[in-house]
Protein chains: 6
Amino acid sequence: MGNQIAAFGEIMMRLQVPGYELLSQASSFNYSFSGTGVNVAAALSHLGHDTYLVSTIPDNPVGDAATSSLHKLGITSTWINRYGAYIGMYFLENGFGARASRVTYSNRLESSFNKAPTDLYDFNRISKAVDVIHFCGITLAMNDSIRSQMKNFAKTAKENGCLVVFDCNYRPSLWGESGYEAARAHYKEMLHLADIVFMNEKDALLTLGMETEEIDREKQLTDLLPTIASHFQIAIIAGTHRTIHTDQTHSLRGYLYKNNSFTFSKERSFSVLDRIGSGDAYSSGIIHGELHGYHSQQMVDFAVSAAALAHTIIGDSPLLSENAIFQAMGEGIRDVER
Amino acid sequence: MGNQIAAFGEIMMRLQVPGYELLSQASSFNYSFSGTGVNVAAALSHLGHDTYLVSTIPDNPVGDAATSSLHKLGITSTWINRYGAYIGMYFLENGFGARASRVTYSNRLESSFNKAPTDLYDFNRISKAVDVIHFCGITLAMNDSIRSQMKNFAKTAKENGCLVVFDCNYRPSLWGESGYEAARAHYKEMLHLADIVFMNEKDALLTLGMETEEIDREKQLTDLLPTIASHFQIAIIAGTHRTIHTDQTHSLRGYLYKNNSFTFSKERSFSVLDRIGSGDAYSSGIIHGELHGYHSQQMVDFAVSAAALAHTIIGDSPLLSENAIFQAMGEGIRDVER
Amino acid sequence: MGNQIAAFGEIMMRLQVPGYELLSQASSFNYSFSGTGVNVAAALSHLGHDTYLVSTIPDNPVGDAATSSLHKLGITSTWINRYGAYIGMYFLENGFGARASRVTYSNRLESSFNKAPTDLYDFNRISKAVDVIHFCGITLAMNDSIRSQMKNFAKTAKENGCLVVFDCNYRPSLWGESGYEAARAHYKEMLHLADIVFMNEKDALLTLGMETEEIDREKQLTDLLPTIASHFQIAIIAGTHRTIHTDQTHSLRGYLYKNNSFTFSKERSFSVLDRIGSGDAYSSGIIHGELHGYHSQQMVDFAVSAAALAHTIIGDSPLLSENAIFQAMGEGIRDVER
Amino acid sequence: MGNQIAAFGEIMMRLQVPGYELLSQASSFNYSFSGTGVNVAAALSHLGHDTYLVSTIPDNPVGDAATSSLHKLGITSTWINRYGAYIGMYFLENGFGARASRVTYSNRLESSFNKAPTDLYDFNRISKAVDVIHFCGITLAMNDSIRSQMKNFAKTAKENGCLVVFDCNYRPSLWGESGYEAARAHYKEMLHLADIVFMNEKDALLTLGMETEEIDREKQLTDLLPTIASHFQIAIIAGTHRTIHTDQTHSLRGYLYKNNSFTFSKERSFSVLDRIGSGDAYSSGIIHGELHGYHSQQMVDFAVSAAALAHTIIGDSPLLSENAIFQAMGEGIRDVER
Amino acid sequence: MGNQIAAFGEIMMRLQVPGYELLSQASSFNYSFSGTGVNVAAALSHLGHDTYLVSTIPDNPVGDAATSSLHKLGITSTWINRYGAYIGMYFLENGFGARASRVTYSNRLESSFNKAPTDLYDFNRISKAVDVIHFCGITLAMNDSIRSQMKNFAKTAKENGCLVVFDCNYRPSLWGESGYEAARAHYKEMLHLADIVFMNEKDALLTLGMETEEIDREKQLTDLLPTIASHFQIAIIAGTHRTIHTDQTHSLRGYLYKNNSFTFSKERSFSVLDRIGSGDAYSSGIIHGELHGYHSQQMVDFAVSAAALAHTIIGDSPLLSENAIFQAMGEGIRDVER
Amino acid sequence: MGNQIAAFGEIMMRLQVPGYELLSQASSFNYSFSGTGVNVAAALSHLGHDTYLVSTIPDNPVGDAATSSLHKLGITSTWINRYGAYIGMYFLENGFGARASRVTYSNRLESSFNKAPTDLYDFNRISKAVDVIHFCGITLAMNDSIRSQMKNFAKTAKENGCLVVFDCNYRPSLWGESGYEAARAHYKEMLHLADIVFMNEKDALLTLGMETEEIDREKQLTDLLPTIASHFQIAIIAGTHRTIHTDQTHSLRGYLYKNNSFTFSKERSFSVLDRIGSGDAYSSGIIHGELHGYHSQQMVDFAVSAAALAHTIIGDSPLLSENAIFQAMGEGIRDVER
């Protein structure tokens, strides 16, 4: 009933200070394993698909723990290689009110994934086995070897008739100074290969270097996205606009450009428990909607509902059933379910 | 100075996932023991009364833990039988914002309480020893044997001059399809025996099958309750109307029908930490007020204040002194008490 | 490279009081999911096989958690049905020194597994898909419907050429008074179907009602097992003899009867952290050894080494690689590995 | 079936560093409430008696917590006064192997109990209501007012026909330099009033200032105790000899002098989890045995078994049923109970 | 680059119930060490100064833990004496919504600090070594000996050219009935010695016994403070006005009187995680601003920003870098920092 | 009264799985900061010396936490640079009985310390300020730049009259294949500069490539060490011989070669709670003994006592007072200290 879906990307260990203490106050971490690919695969697994991660982790107890953790999230580990010695890690200190959450990366450049030789992967075989492959801009920022693996994989996937998904996900800290210029050509290559793209007006303006006379972000979006869709032959472009309020709540409005027309969700506001990974819940909602033939409004409403709920679940990986997301689409806040 | 008060009902083990994780994410539970009877007896014990539970638990380490826990709540265990092998249990996952709290019951139908033979209990002796006995609609939903024990006990209590309290507490999931019809006769029997009843307009409409032309819930209430009070000869009928807001706060308005007239509290709004058991705090407040001769307005204000505070205390059982409830009646939010 | 192995049996939730507190002292549990089938499948998954559980769990958050947990243990959940409302549970209080560990069962008789109708399972299809199927005497003790499912499954498996494994695992508390007589016929049926059997001299004497003039348990064993193997046409009979010492250490000696001859391991002594599930580690070691063509001495040494190590790992399910078990076979205690 | 038993003494808060960290390493405490009187009352409550503490605690949240905690231990709080502002506290760091456990007292001299005016207590009424009253040497060390209350209470108890129990329990750190001389007269007064006394040869030599030519502790005991029993007219004198081994185990041998003859238990050895409170388990065993008419050998074996088991339970207060103690008297170490 | 700053005051142990449980529900505390002096020294250490505490703690494991804790906060312990046996302690139960946080003090009057003889301290040597010394009204409330030490130290500090800081910090519970009268002369002496004073209109009206015809608290402030500054020759008087809202947020407005003119910050509103110690964050901000030559508006904005952020950090001691405080001055709520 | 002592080396973050779970079972770590230099400096700080670490950590929240942690251990951070982005990390899974503890390193080669440019350090200034500088073989294994810094620092220290301490501490995994040959020249350079050296017979045979005809490790030691001491002009060579038993206990025997003669401690046996860092406790004991003029027997007994106690304390860094170590030298196991 579900589809076969793979995601290509790094598995990172998240080390989270429990509660609201600072790293310099606490003495323990909760750990879990995440990454854009992990999050998308976990979300789609909970929506009923068979999901696979295409990645590389070390052959040591940390790699074992990562594998167990992915299994727990419902992801099949068949295409995860064991190679190298390290896993990328990041520290997370939860913010409170006026004090923002803080992410500190440990060394990911020397990780098993980022040092893995290309011949570890059999992209052709994987492409023949799945319907959809998901890529993201964070992986694209790593190094030349990874970039080449990623484009290679995307090309092979396209040739084999897979749906190619690309989440632009530009992270300034990974590309450094003059990063937009450095990234541009790589992004363009990926856009040429992609069927579904997640991006917003900033990606168009900064990463692609486009221009607009509009100032309002929504108008910029409606001005720029059609050009991109047509130029790169992209079937679906989608994303969200987020607003952060002063009372620990956020608002999200989803948008979708498909068949030459825009669809927007209503703006949803909600209390935030764990913000990380909510973007991946949105993409998963769109992918799922497309695979199940939802019409555009349903697709964008479903995806925003998934993203909103993802803020209420601890951990980067959204663990939501289709049913729970539909319920949350229609209703107000409910009393205890019993 | 306090009264002798007994409650008849099942003791359940609550298995609560700590924090905001899902059952499928976490690996530990906090456990406690609760039930409507437990909650009411615990609350009245903290208000200065001598309280007893009339119940049955297994003679094993789980039964020992339940006993210790009730003792800690200030409840005397003299009339708790040890029989059978199981205790009813339920799992609680805390909701957050748009994600509602979820209760999953384990098998309570085979519990010691629900399988206990009637001759375990000496209702006559208990009725002679106490002033008040509390019953509730959850117990009434269990099985024929329990229903018969309950009515028996209520009759004996009435004959011995006890104040009989009955909380309608209709739970659709326990009565199943066509539940209202199935429940009706049993509820009517209990209402005939009761002096103080907790119910709302839905109990009147659905369980008792009454009719009204009013649409607003408050108007339905004022239309229906006087008929019930007069028909069943009930001295006091009380309850609350709850409104759930989108920002993790609730509002409660208490009402009381006594001596042919209605009294309402102001509507109170408050942040919610643990919603379960707050209804039992309200009933306890009314019972305490009646025993201490509060006038109607004081009684309903006191009970709503107790219910509001109960939302700020973890666990099903409200642990509030009379003093703390009075303080909360008068004031706004206060700074640290030191 | 590994085999396809299924196990048939109930998934139970283990609620363990952390540390050494009593249930009546503590206020939290660690929970996990286990059962003989779970333990064997988890162990064999860590030894490189593809493992499946054939079972039934409720379609609610507890069932979701069980599924996640099995995935984490490396078990595929394809053949786990969702039906009914309850999961079997047991409470575990850790003993210390002179105070023994205590297991208290909650109601498992009404569990999803024990109430599941036979037509939920497609034993034929499963038997065609796997090489080995594992059954155990605990399942056999449940009720007539389960017994019939189990024998049915074993017959179908045999017909399809699967290796049938049966662990006698007689639990007196499950069969009640005159239990040995009640169980005898059922055990005999299973022994007729089985290729590999785990049993000891007590199973022969009590469950099968055999007689011997020997007094020493090892002599009883060598007297009785050959008769059983020959009568029921069993290829391998294996088991362990355990000795419990006063200083929190145990000793185990493994035995194996195959091709008309006995093989014994040396007696191994070791400190005990978590005793539950160590028998399942032993069976897994024998099954793995048989599938990989180990010679008899290697097989029994490997299995005892696996069982010994399983006592040093928390949880019922042994999580040991083949490599770790081989290491532990040869060496004394080692210093920190770094 | 049980007796009415009261204990007079201070309730202290125990602040225990979890695990094996030092106070300067950790950041949390587990807290509980204890004291010789608490421990004895809790133990006897679990042996089926109705037990009361006669004490004073502050009327604040700490006093509330102490009351809840005593209730949980099965102790009735009717005769516990609320007065003053402080509770005595002590810090406990668990030792490991060569590193001994460390107790650090906070200020107990200004505690509610130690500052309570005598007229808070109605010793006469309590003495009329109970069968047995327990006193201890720690209370005797506090201050003149407490000493006078204690002797007063003991006299009243004696006059009312209560069994008076006195545990010598001399703590050098509480009496300071020349403490034995300072304590002597007070101890003698208590011995004159007591029916059951717990003491050893050191109490005789140092506190009472007696002399003996024997060197071995057991011979000193048999030389000195008969003189004391006869001089002070004491029905029963009992105690234990402890030996501490290098492998985290202790040995205990119990003794009892009654009707002019000595009875000794076998020496029992056991692993130690929590040593504090084990002496109180011994006294409780003797008191229980005397009340139930055990013969001398049974009494001392039961008491030593209770003391041994108390070392395997966390917390100062032993929580053992009569049944569990009898089981532990007869058997070796057992496998999991299930 | 930083200054040498000392604070004189007691080090207390804070025993905080984790989460939102009551002391009578929970079984563990988180502990830390605090006090006005500790908080101010910790805050200024994180702002780049070398800070010292002048205090006395016991020479036992609790004193060791206090020392380690102060070191962790960045405070040098050179001038902390080891004397006496006790440390002051307080219990903290976190409030939630309508239920206020509750502080219960244990006995601090007999603490090492409050019983320390004057000759333990070499105030002259300390005064020569530092630039600033901080005192507070809580210390002034302790006893005559401490008051005399404090005034002595302040005089010596003044003579040695130190900047003398005095935080009025009047705590009614410490001075008892007629406390304002009792405190007045002592406060006046300290005001005569101080260069920087933290106080509000209530200190003027109640402690100093001044009068005003104004009713609004801000107008009272502007009416009374200039008189005080001129009478006592105080260079800077500063403080905050706090408003507590019903939704777990507070507002603060800072004020500063310097060079005959008032400066006010904007009123800032923020969610509150841990309110205790936020006043000390404000004082630290003012002291730091004065030492670094901030102009008045910058100083009061910086201090209010520090106080606002301190509400978002667990523990009494604010741990904020200058940079973090400046960031929080300018901006709205931000997304995750990564 | 104490000395000024510096240690040069990396600060690592230790991520320890709590209890006895595997990394793949657990979901949290306890973290702390350690390293040979940290451990030695912490131990000597608790023995009354002023200690400094000479190291480099990142200028981010992880670096802040490391600094707080070192402060808590009593180490002054004046000479710790902030540079680079990463800290070395290692994972620790506690072994139990037959299952050995497991250390898994994360990437330390790119750490701030290992990438720090030499000009960050002012070795000359540090050498003038301290009496003793400690180096170790782990640092020597890092890379050429670090090796050059280390030799440089040791030379400068020697020229400034500091006592140079060198702990050979050869870790095969850090030097790789043919590691002994690669390491030899570097070790020889350090030995020429050192006054106190920690090494054993394996260092002599393998790292220095010496030969002996003896087989027993103690005889090898007495054969080889005098030659080394004389060749490299080393005042003191010391170390321990460890034996690991099967019951979670170890034995240690210390040795010391000084003034042409050997001194041995008795062999001490003890239960092991945390083995890591015990070697650093031994070195700290020798250094402290030498600085305080202990005679040889006292020095080696003190050091072995410190090492034995260090096995009973959680964390890598031994936190023992001189007094506690002396107590442990003389006595057997003691009862609770109270």
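Higher on the page you've got the structure.
Here is a short report on the structure shown in this document. (Residues numbered from 1 in each chain as written. Chains lettered and ligands numbered in written order. Predicted model: local features only at pLDDT ≥ 70, side-chain atom pairs only at ≥ 80, totals over all residues. Heavy atoms only, no water.)

1. Re the sheet that holds strand E7 (residues 88-93) of chain D
If you walk across this open sheet you meet the 8 strands as E8(D)-E7(D)-E2(D)-E3(D)-E3(E)-E2(E)-E7(E)-E8(E), and the pairing is mixed. At either margin of the open sheet sits one strand with a lone partner, and together these are strand E8 (102-105) of chain D together with strand E8 (102-105) of chain E. Going from strand to strand, the sheet's axes swing by 30 degrees on average, the running direction of each strand aside. Bridge analysis of strand E7 (residues 88-93) of chain E against E8(E) gives 4 bridges, and the strand direction is antiparallel. Looking across to E8(E), one finds that Phe91(E) is bridged to Thr104(E). (Pairing = 2+ DSSP bridges. Helix = DSSP H or I, 4+ residues; strand = E, 2+ residues; numbered from the N terminus. Axes fitted to C-alpha atoms, helices over the stretch in contact; angles between N-to-C directions.)

2. Re the side chain of Ser305(E)
Summarising the element assignment, Ser305(E) is placed in helix H12 (residues 296-310). Not counting residues within four places of it along the chain, the set of residues in contact with Ser305(E) comprises Arg268(E), Ile325(E), Ala328(E) and Met329(E). (Contact = heavy atoms within 4.5 Å.)

3. Structural notes on the packing of aromatic side chains
When we look at a pair of aromatic rings, we describe it by the centre distance and by the angle of the planes. All names here are of chain D. Within the structure shown, the criterion is met by 152 aromatic pairs over all chains. Aromatic side chains Phe302 and Phe326 sit 5.2 Å apart centroid to centroid with 55 degrees between the ring planes, which places their arrangement in the tilted category. Here Phe326 lies in helix H13 (residues 322-330) and Phe302 lies in helix H12 (residues 296-310), a separation of 24 residues in the sequence. Classification of Phe302 as buried rests on a relative accessible area of 0%. (Phe/Tyr/Trp six-rings, centres within 6.5 Å; stacked < 30°, edge-to-face > 60°. Buried < 20%, exposed > 50% of the residue type's maximum accessible area, 1.4 Å probe, protein only.)

4. Remarks on the interface of chain A and chain C
Counting residues at the interface gives 4 residues for chain A and 4 residues for chain C. Note on chain A versus chain C: buried area summed over both sides is about 410 Å², and carbon and sulfur give 58% of it. It is Ser68(A), His71(A) and Lys72(A) in chain A that bury the most area against chain C; as a group they hold 88% of the surface buried on that side. When its residues are assigned to classes, the side of chain A that touches chain C shows no nonpolar, 3 polar and 1 charged. (Buried area = accessible area lost by both parts, 1.4 Å probe. Nonpolar A, V, L, I, M, F, W, Y, C, P; charged D, E, K, R; others polar.)

5. Comments concerning the relation of the copies chain A and chain F
Placing chain A over chain F gives an RMSD of 0.0 Å and needs a rotation angle of 180 degrees, together with 0.0 Å of translation along the axis. Taken together, these values place the two copies in the relation of a two-fold axis. In terms of C-alpha distance to the rotation axis, chain A has Phe29(A) as its closest residue, with the C-alpha 2.6 Å off the axis. The fraction of interface residues of chain A whose copies in chain F are also interface residues reaches 100%, indicating that both copies meet through the same surface. (Least-squares fit on C-alpha atoms with pLDDT ≥ 70 in both.)

6. Brief notes about the pattern of salt bridges
Going through the model one piece at a time under the given rule, you end up with 72 salt bridges over all chains. The salt bridge involving Arg82(B) is made with Asp59(B); its shortest N-O contact spans 3.3 Å. Taken together, the residues span a long stretch of sequence, with Arg82(B) in strand E6 (residues 80-82) and Asp59(B) in the loop between strand E4 (50-57) and helix H2 (61-72) at a distance of 23 residues. Ionic pairing is found between Arg82(E) and Asp64(E), a salt bridge with its closest N-O pair at 3.0 Å. Of this pair, Arg82(E) sits in strand E6 (residues 80-82) while Asp64(E) sits in helix H2 (residues 61-72), placing them 18 residues apart in sequence. (Salt bridge = Lys/Arg side-chain N within 4 Å of Asp/Glu carboxyl O.)

7. What about the pairing of strand E3 (residues 28-34) of chain E?
Relative to E3(E), strand E3 (residues 28-34) of chain D runs antiparallel, the two being bridged by 3 bridges. Looking at the pairing, Asn30(D) lines up with Ser28(E) of E3(E).

8. Remarks on the relation of the copies chain A and chain C
Least-squares fitting of chain A to chain C yields an RMSD of 0.0 Å, with the transformation described by 0.0 Å of translation along the axis and a rotation of 180 degrees. Comparing contact sets, 100% of the residues at the interface of chain A also lie at the interface in chain C, consistent with an isologous, same-surface contact.

9. Details of a negative patch on the surface
The grouping of Glu213(A), Glu214(A), Asp216(A) and Asp223(A) at the surface amounts to a negative patch. Checked against the element boundaries, Asp216(A) lands in the loop between helix H9 (201-207) and helix H10 (217-232). (Patch = residues over 30% accessible without salt bridge, like charges linked within 9 Å, V, L, I, M, F, W, Y side chains within 5 Å. Areas by Shrake-Rupley, 256 points an atom, 1.4 Å probe, with all protein chains shown as cover. Lys, Arg positive; Asp, Glu negative; His and termini not counted. Charge placed at Lys NZ, Arg CZ, Asp CG, Glu CD.)

10. Brief notes about the packing of helix H6 (residues 144-159) of chain E against helix H8 (residues 179-193) of chain E
All names here are of chain E. Interaxial distance between H6 and H8 falls to 10 Å at its minimum, and their mutual angle equals 15 degrees. In terms of orientation, H6 and H8 fall into the roughly parallel class. The hand of the H6/H8 crossing is left-handed. From H6, Arg147, Met150, Lys151, Ala154, Lys155 and Lys158 reach across to H8, where they touch His186, Glu189, Met190, His192 and Leu193. Split into classes, the residues belonging to the contact of H6 with H8 amount to 4 nonpolar, 2 polar and 5 charged. (Parallel < 35°, antiparallel > 145°, perpendicular 65-115°, else oblique. Left-handed = near helix turned anticlockwise from the far one by under 90°.)

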